[in-house]
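Commentary on secondary and tertiary structure
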Amino acid sequence: MTSFIKKLITPHIKDLGGFQVRRSLPQQDFMMVGPFIFFDHLGPATFAPGKGIDVRPHPHINLATVTYLFEGAVMHRDSLGTVQEIRPGAVNWMTAGKGIVHSERSPDHFRHQTATLHALQTWIALPEAAEETEPTFHHYSADDLPLWVNNGATIKLITGKVGSRVSPVQVHSPTLYLDIQFSAGSTFVLAADYSERAVYALGNGLSLNGLNSDGSNNTDALAPCQMTVLEAGEPVTLAAEQAVRCVVIGGEPLGQRLKWWNFVASRKARLEEAKADWKAQRFDKVPDESEFIPLPETAEEFSAPGI
């Protein structure tokens, strides 16, 4: 492993009734990359006609959920009254702040045929000053996000800034999120503009190239579905031997955060308050939905409150 790599994270894998979820963050010994405190990779999962996902209403506090699809469709509903379908390349950004409840289900049209769902859901921790902000929801269409081709790679800027390009997605702290599709032989130079960065390859054929201190070549192949956390301070080159896709996450650290089930906070007392509020059903409700996910006895179990 080269000096460019800080840590390799192998995700926990769980089968949730016919589809697989890989969870890279948080890990027991590694909680966050920049403000990213949760990273789930779902699928690709193929559903027979009449089937789909049905994630019942559940709560969040002190974080933002970010849903991004490669394939398929998801219908989002929340306690603000939002009803928004998301398609590939678009972004659903929900800031929970002091508290929000939402559900995520396959749309009716998705269930009328055999369909595939392939998606990422990440959580972004909020700065302490913004933890108890009012909840909001924003949808950004695929056309809203900067997209360009460089050295044979097609880059979509989901959040943050790359060179002169800036994503319109509003964030609470410096946050980088890229979707990069490589053709065979293409490269992408990832600058050292953010203190913390990680690469998650979705297939084989991607490598991390650099030079050793003596000038010799140094190459690491990146395993698919493994998160490669990079050392700070140095640009790195991602190179593709074949067509392959990856995402890059990163940003600036926010300090320690606590996570229990769907809740994130900088104070343990706030987690306990949220647990009690959900158990007593004091959160606002999602209109026209009577189901909900009960408070678990323990948060140790692998649960997928998002997709």
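So, here's what we can say about the structure. Quantities reported herein were computed from a predicted structural model and do not represent experimental measurements. (Residues numbered from 1 in each chain as written. Predicted model: local features only at pLDDT ≥ 70, side-chain atom pairs only at ≥ 80, totals over all residues. Heavy atoms only, no water.)

1. With respect to the pairing of strand S19 (residues 196-201)
Just so we agree on the cut-off: Throughout, exposure labels follow a simple rule: accessible area from a 1.4 Å probe, protein chains only, divided by the maximum for the residue type, with under 20% read as buried, over 50% as exposed, and the rest as partly exposed. Put simply, DSSP marks the helices as runs of H or I at least four residues long and the strands as runs of E at least two long, and each gets a number from the N terminus on. Strands pair, by our definition, only if DSSP identifies at least two bridges between them.
Of all six residues in S19, five are buried, a share of seventy percent or more. Strand direction decides the pairing type here: S19 and strand S24 (residues 244-251), joined by six bridges, are antiparallel. The residue of S24 that forms the bridge with alanine 201 is cysteine 246. For S19 and strand S22 (residues 227-230), the ladder comprises four bridges, and the chain directions are antiparallel. For arginine 197, the partnering residue across the bridge sits in S22 and is leucine 230.

2. Details of helix H2 (residues 268-279)
Selection criterion: Each residue after the first adds 1.5 Å to the expected span of a helix. Throughout, a contact is declared for two residues whenever any of their heavy atoms are within 4.5 Å.
Taking 1.5 Å per residue, 12 residues should reach 16 Å; H2 reaches 17 Å between its end C-alpha atoms and fits that length. On the buried face of H2, the contacting elements are strand S5 (54-60), strand S10 (100-105), strand S25 (258-260) and strand S26 (263-265). Downstream of H2 by one or two residues, glutamine 281 has phi in the positive range, about 60 degrees.

3. A short note on the pattern of salt bridges
Convention followed: Salt bridge criterion: a side-chain nitrogen from Lys or Arg within 4 Å of a carboxyl oxygen from Asp or Glu.
In the structure shown here, the tally under the stated rule is 14 salt bridges. In this structure, the salt-bridge partner of aspartate 179 is arginine 245, at a minimum N-O distance of 2.7 Å. A residue pair is termed long-range when its members are at least 10 positions apart, and aspartate 179 in strand S17 (residues 175-182) and arginine 245 in strand S24 qualify at 66 residues. Among the residues examined, aspartate 179 registers a relative accessible area of 2% and is labelled buried. Judged by relative accessible area, arginine 245 falls into the partly exposed class, the value being 22%. Because the salt bridges share partners, they merge into one network encompassing Asp54, Arg105, Arg111, Glu289 and Glu291.

4. Some points on the sheet that holds S19
For sheets, the rule is that strands pair by backbone hydrogen bonds, running either parallel or antiparallel. Inclusion rule: Under this scheme, a helix contributes an axis fitted over its contacting stretch, all axes are lines through C-alpha atoms, and angles between N-to-C directions fall in the 0 to 180 degree range.
Here seven strands make up an open sheet; going across it, the order is S1-S22-S19-S24-S17-S14-S13 and the pairing antiparallel. Looking at which strands have only one partner, the edges of the open sheet turn out to be strand S1 (5-9) and strand S13 (147-150). Neighbour-to-neighbour, the strand axes of the sheet open up by a mean angle of 20 degrees, direction not taken into account.

5. Quick look at the packing of aromatic side chains
Our working definition: Aromatic pairing here means that ring centres of Phe, Tyr or Trp (its six-membered ring) are within 6.5 Å. Orientation follows from the plane angle: under 30 degrees is stacked, over 60 is edge-to-face, and everything else is tilted.
Going through the model one piece at a time under the given rule, you end up with 10 aromatic pairs. Between phenylalanine 38 and tryptophan 123, the ring centres sit 4.0 Å apart and the planes meet at 15 degrees, which makes this aromatic pair stacked. One end of the pair, phenylalanine 38, is in strand S4 (residues 36-47); the other, tryptophan 123, is in strand S11 (residues 115-125), with 85 residues separating them in the sequence. Like tryptophan 123, phenylalanine 38 is buried.

6. What about the side chain of histidine 102?
Put simply, the rule reads: Two N or O atoms form a polar contact when they lie within 3.5 Å of each other; inside protein one atom must be a possible hydrogen donor and the other a possible acceptor, and for residues adjacent in sequence the pair counts only when both atoms belong to side chains.
Note on placement: histidine 102 falls in strand S10. Of the residues examined, histidine 102 reaches a relative accessible area of 0% and is grouped as buried. At a separation of 3.0 Å, a polar atom in the side chain of histidine 102 contacts the side chain of histidine 58.

7. Here we look at the sheet that holds S4
Read from one edge to the other, the open sheet built from seven strands follows the order S2-S3-S4-S11-S6-S9-S12, with strand pairing classed as antiparallel. The open sheet has two edge strands, strand S2 (12-15) and strand S12 (136-140), and neither has a second partner. On average, adjacent strands in this sheet sit at an angle of 15 degrees to one another, irrespective of strand direction. The sheet contact formed by strand S6 (residues 63-71) and S11 spans eight bridges and is antiparallel. Counterpart to leucine 69 in the pairing with S11 is alanine 119.

8. Details of the nonpolar core
Put simply, the rule is: For this analysis, a nonpolar core means a set of buried residues of the types Ala, Val, Leu, Ile, Met, Phe, Trp, Tyr and Cys, connected via side-chain atoms within 4.5 Å.
Leu25, Tyr177, Met227 and Ile249 are the most contacted members of the largest nonpolar core, which has 29 residues in total. Tallying contributions element by element places S6 first for this core, with four residues. Those residues in contact with leucine 25 that sit more than four places away from it in its chain are Ile9, Phe30, Met31, Met32, Val33, Phe36, Ile37, Phe38, Phe39, Met227 and Ile249. Grouped together as the second largest cluster of nonpolar side chains are 25 residues, Leu157, Leu176, Val244 and Cys246 included.

9. Topic: the state of the cysteines
Short version of the rule: Whenever a pair of cysteine sulfur atoms sits within 2.5 Å, that pair is classed as a disulfide.
One pass over the structure, following the stated rule, counts zero disulfides. Distance from the sulfur of cysteine 225, which forms no disulfide, to the nearest cysteine sulfur (cysteine 246) is 12 Å. Accessibility expressed as a relative area gives 0% for cysteine 246, which makes it buried.

10. Examining unusual backbone geometry
Cis geometry is adopted by the peptide bond preceding proline 26, which originates at leucine 25 and carries an omega value of -5 degrees. The residue after glycine 43, namely proline 44, is reached through a cis peptide bond having omega 5 degrees. By the secondary structure assignment, proline 44 is in strand S4. The phi dihedral of asparagine 62 falls on the positive side, at around 60 degrees, and the residue is not glycine. Within the element layout of this structure, asparagine 62 appears in the loop between S5 and S6. With a phi angle near 60 degrees, glutamine 281 is a residue other than glycine that sits in the positive phi range. Positionally, glutamine 281 belongs in the segment after H2.

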